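Now for the letters of each chain:
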Amino acid sequence: MTAPRMGAGVERFCVIGSNSFSGASFVASALKAGAEVLGISRSPEADPVFLPYRWADASRFTFRQLDLNRDLNAIDAALREFRPDFVVNFAAQGMVAQSWANPEHWYRTNTVAMAGLHERLRTMDFLKKFVQASTPEVYGNTSGLVSENAPFNPSTPYAISKAACDMNLLAYQRAYGFPVVFTRSANVCGPAQALYRIIPKTVLCVLTGKRLRLEGGGTSVRSFIHIDDVSDATLRAARDGAPGSVFHLSTPLNQTIRSVVEEVCRQLGAPFEDSVEMVGARLGQDAAYLLDSTAARTKLEWEPRRGIADAIADTIAWTKKNLDTLRSAPAEYIHKE
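Residues numbered from 1 in each chain as written. Predicted model: local features only at pLDDT ≥ 70, side-chain atom pairs only at ≥ 80, totals over all residues. Heavy atoms only, no water.

Engineer: Would you explain helix 4 (residues 157-176) in this entry?
Structural biologist: Count 3.6 residues to each turn of an α-helix, and residues three or four apart come out pointing the same way. For helix 4, spanning 20 residues, the distance from its first C-alpha to its last is 28 Å, which sits close to the expected 28 Å at 1.5 Å a residue. Every buried residue of helix 4 is listed here: Pro157, Tyr158, Ala159, Ser161, Lys162, Ala163, Cys165, Asp166, Leu169 and Tyr172. Against helix 3 (103-121), strand 5 (129-134) and strand 7 (180-185) lie the buried residues of helix 4. (Helix = DSSP H or I, 4+ residues; strand = E, 2+ residues; numbered from the N terminus. Expected span 1.5 Å × (residues − 1). Buried < 20%, exposed > 50% of the residue type's maximum accessible area, 1.4 Å probe, protein only. Contact = heavy atoms within 4.5 Å.)

As structure tokens, then:
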């Protein structure tokens, strides 16, 4: 975990999408680092079980329920009042397969609304850095290690909407010197993740005696990364990333989703064959995202410290501790326009 900076005053972060898994986890990290944090999300705060910043002292955190699509003026006013050093954006319509059903919703939030936010932010002279949590989905289906300057080749409406947002930010950086940096993470995981994601979903299925539906037999290759390492890297990117930089956040271990599910079953002592049902692959499912994280390691002096086994163990402990609450929580993605 990145330590507080001594003698530099209290840092201020605004986290947009603070109710998301990555956003809430980053808020917790920023608070631990001594910062003051303004959180903005379109939905009210979730149950504290899904908000890691509520597991400790959150006295330096303020929450505003505001929607990028409907409340841009209010978001602008809140930012000008709070005057953050850093704005970190995790807000997005974030599901890949579901983006085929209503693609205009993804474009409206991830591209059009974000473009409106960028235009407001570029006039804020107090802003030191804007961190855009992007996605490796912008690269499409790839082979080998993907470098930070790899060309975009998005293959789903979600990926297209995120690529367009990133391109707008790059144009602003070149035209106005807008201080944007990008992070693109491997499959993020850890405690407090939404229950429809593969690790918590598998854990909950095993603990409640249900069979997991494993899309495509789990043959897709991914690099899973603990949310604690992502939060650490995001803090470093905000503080030290040069404008225009792209930072891939990944571990050296690339593995199939099936092998991750097998590890969950192993840690829970459950037979894989009795816990899983194989089903077909989803539309537009890319085969692999193998990210080269050289820039983060060299320019930010960042190294991932938690492995996939740690993330699974942490998620199992979190699920067992909160099982009564999680039994009644939504287990599938619920789309909000």
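Read on, since the account is not over.
Engineer: What should I look at first to understand the nonpolar core in this one?
Structural biologist: Most often, soluble globular proteins have nonpolar side chains that are buried together. Among the nonpolar cores identified, the biggest contains 47 residues, and Phe13, Phe26, Val37, Tyr53, Phe61, Phe247 and Leu249 are the most heavily contacted of them. For this core, the element with the most residues is helix 1 (residues 21-32), which contributes 7 residues. Sequence-distant contacts of phenylalanine 61, that is, excluding residues within four places in its chain, are made with Ser18, Val27, Leu31, Val37, Leu38, Gly39, Glu45, Tyr53 and Arg54. Judged by nonpolar contacts, the second largest core, of 34 residues, contains Ile16, Ala150, Cys165 and Leu169. (Core = buried A, V, L, I, M, F, W, Y, C linked by side-chain atoms within 4.5 Å.)

Engineer: Is there a simple way to think about the packing of helix 1 against helix 6 (residues 227-240) in this case?
Structural biologist: Helix packing for two helices is described by the angle between their axes and how far apart those axes are. At their nearest, the axes of helix 1 and helix 6 sit 9 Å apart, and the two run at 65° to each other. Here helix 1 and helix 6 pass one another in a crossing that is right-handed. Residues Phe21, Ser22, Ser25, Phe26, Ser29 and Ala30 of helix 1 pack against Ile227, Ser231, Thr234 and Leu235 of helix 6. Looking at the contact of helix 1 with helix 6 residue by residue, the class counts come to 5 nonpolar, 5 polar and no charged. (Axes fitted to C-alpha atoms, helices over the stretch in contact; angles between N-to-C directions. Left-handed = near helix turned anticlockwise from the far one by under 90°. Nonpolar A, V, L, I, M, F, W, Y, C, P; charged D, E, K, R; others polar.)

Engineer: For this particular structure, what's the right way to read unusual backbone geometry?
Structural biologist: Note: most peptide bonds trans; most residues except glycine with negative phi. Of note in this structure, arginine 83 is not a glycine but carries a positive phi near 50°. Note that arginine 83 resides in the loop between helix 2 (72-82) and strand 4 (86-89). A relative accessible area of 46% places arginine 83 in the partly exposed class.

Engineer: Can you walk me through the environment of alanine 317 in this structure?
Structural biologist: The topology assignment puts alanine 317 in helix 10 (residues 308-321). The exposure class of alanine 317 is partly exposed, given its relative accessible area of 46%. When the C-alpha positions of alanine 317 and valine 203 are compared, they lie 9.9 Å apart, and in sequence the two are 114 residues distant.

Engineer: Please clarify how the packing of aromatic side chains should be interpreted in this entry.
Structural biologist: Both the distance between ring centres and the angle between the ring planes are used here to describe each pair of aromatic rings. Applying the stated criterion across every chain, the model contains 9 aromatic pairs. With a centroid separation of 5.6 Å and an interplanar angle of 70°, the aromatic rings of phenylalanine 13 and phenylalanine 26 are classed as edge-to-face. A residue pair is termed long-range when its members are at least 10 positions apart, and phenylalanine 13 in strand 1 (residues 12-16) and phenylalanine 26 in helix 1 qualify at 13 residues. In this structure, phenylalanine 13 and phenylalanine 26 share a single accessibility class: buried. Relative to phenylalanine 90, the ring of phenylalanine 26 lies with its centre 5.9 Å away and its plane at 50°, an arrangement referred to as tilted. Of this pair, phenylalanine 26 sits in helix 1 while phenylalanine 90 sits in the loop between strand 4 and helix 3; the two residues are 64 residues apart in sequence, bridging distant segments of the chain. For the pair shown, phenylalanine 26 and phenylalanine 90 are each scored as buried. When the ring centre of phenylalanine 82 is taken as reference, the NZ or CZ atom of arginine 12 above it lies at 4.8 Å. (Phe/Tyr/Trp six-rings, centres within 6.5 Å; stacked < 30°, edge-to-face > 60°. Lys NZ or Arg CZ within 6 Å of the ring centre and 35° of its normal.)

Engineer: So what exactly am I meant to see when it comes to the pairing of strand 9 (residues 212-215) here?
Structural biologist: Two faces make up the sheet, and in a regular strand the side chains alternate between them. Of the two faces of strand 9, the one lined by Leu212 and Leu214 is fully buried and the one lined by Arg213 and Glu215 carries no buried residue. Inspection of the sheet shows strand 9 paired to strand 14 (residues 276-279) by 4 bridges, in the parallel sense. Its bridge partner being in strand 14, leucine 214 is matched across the sheet by methionine 278. (Pairing = 2+ DSSP bridges.)

Engineer: Mind showing me how you'd approach the environment of leucine 207 here?
Structural biologist: For leucine 207, the location among the structural elements is in helix 5 (residues 198-207). Since its relative accessible area comes to 26%, leucine 207 is described here as partly exposed. Between the C-alpha atoms of leucine 207 and phenylalanine 90, which are 117 residues apart in sequence, the distance is 30 Å.

Engineer: Even after reading the chapter, I still don't get the UniProt feature "domain: NAD-dependent epimerase/dehydratase" (unreviewed entry) in the chain, so can you show me in this structure?
Structural biologist: Taking the UniProt record as the reference, the feature "domain: NAD-dependent epimerase/dehydratase" (unreviewed entry) is found at residues 14-246. Secondary structure across residues 14-246 divides into 37% helix and 19% strand, with the first and last C-alpha atoms of the span separated by 20 Å. (UniProt positions renumbered as here; feature names shortened; annotations may be inferred.)

Engineer: Sorry if this is basic, but what is going on with the sheet that holds strand 4 here?
Structural biologist: The pairing of strands in a sheet happens through backbone hydrogen bonds and is either parallel or antiparallel. Across the sheet, which stays open at both edges, the 7 strands sit in the order 3-2-1-4-5-7-12 with parallel pairing between neighbours. Of all strands in the sheet, those with a lone pairing partner are strand 3 (61-65) and strand 12 (246-249), marking the two edges. Recorded for the sheet is a direction-independent mean angle of 20° between the axes of neighbouring strands. Here 5 bridges tie strand 5 to strand 7, and the two strands are oriented parallel to one another. Within strand 7, the position partnered with serine 134 by the bridge is arginine 184.

Engineer: What's the story with the pattern of salt bridges in this structure? I'm lost.
Structural biologist: Side chains that differ in charge, positive against negative, can pair when their charged atoms come close. Applying the stated rule across the entire model yields 18 salt bridges. Here arginine 306 makes a salt bridge to aspartate 310, at a shortest N to O gap of 3.7 Å. A relative accessible area of 31% places aspartate 310 in the partly exposed class. When salt bridges that share partners are traced, they join Asp228, Arg306, Asp310 and Asp314 into one network. (Salt bridge = Lys/Arg side-chain N within 4 Å of Asp/Glu carboxyl O.)

Engineer: Explain the packing of helix 7 (residues 257-268) against helix 10 here, please?
Structural biologist: In contact at an axis separation of 10 Å, helix 7 and helix 10 are set at 55° when each is read in the N-to-C sense. Relative to helix 10, the element helix 7 lies oblique. Handedness of the helix 7/helix 10 crossing: right-handed. Within the contact between the two elements, helix 7 uses Val260, Glu263, Val264, Gln267 and Leu268 and helix 10 uses Ile308, Ala309, Ile312, Ala313, Ile316 and Lys320. A per-class count over the contact of helix 7 with helix 10 returns 8 nonpolar, 1 polar and 2 charged. (Parallel < 35°, antiparallel > 145°, perpendicular 65-115°, else oblique.)

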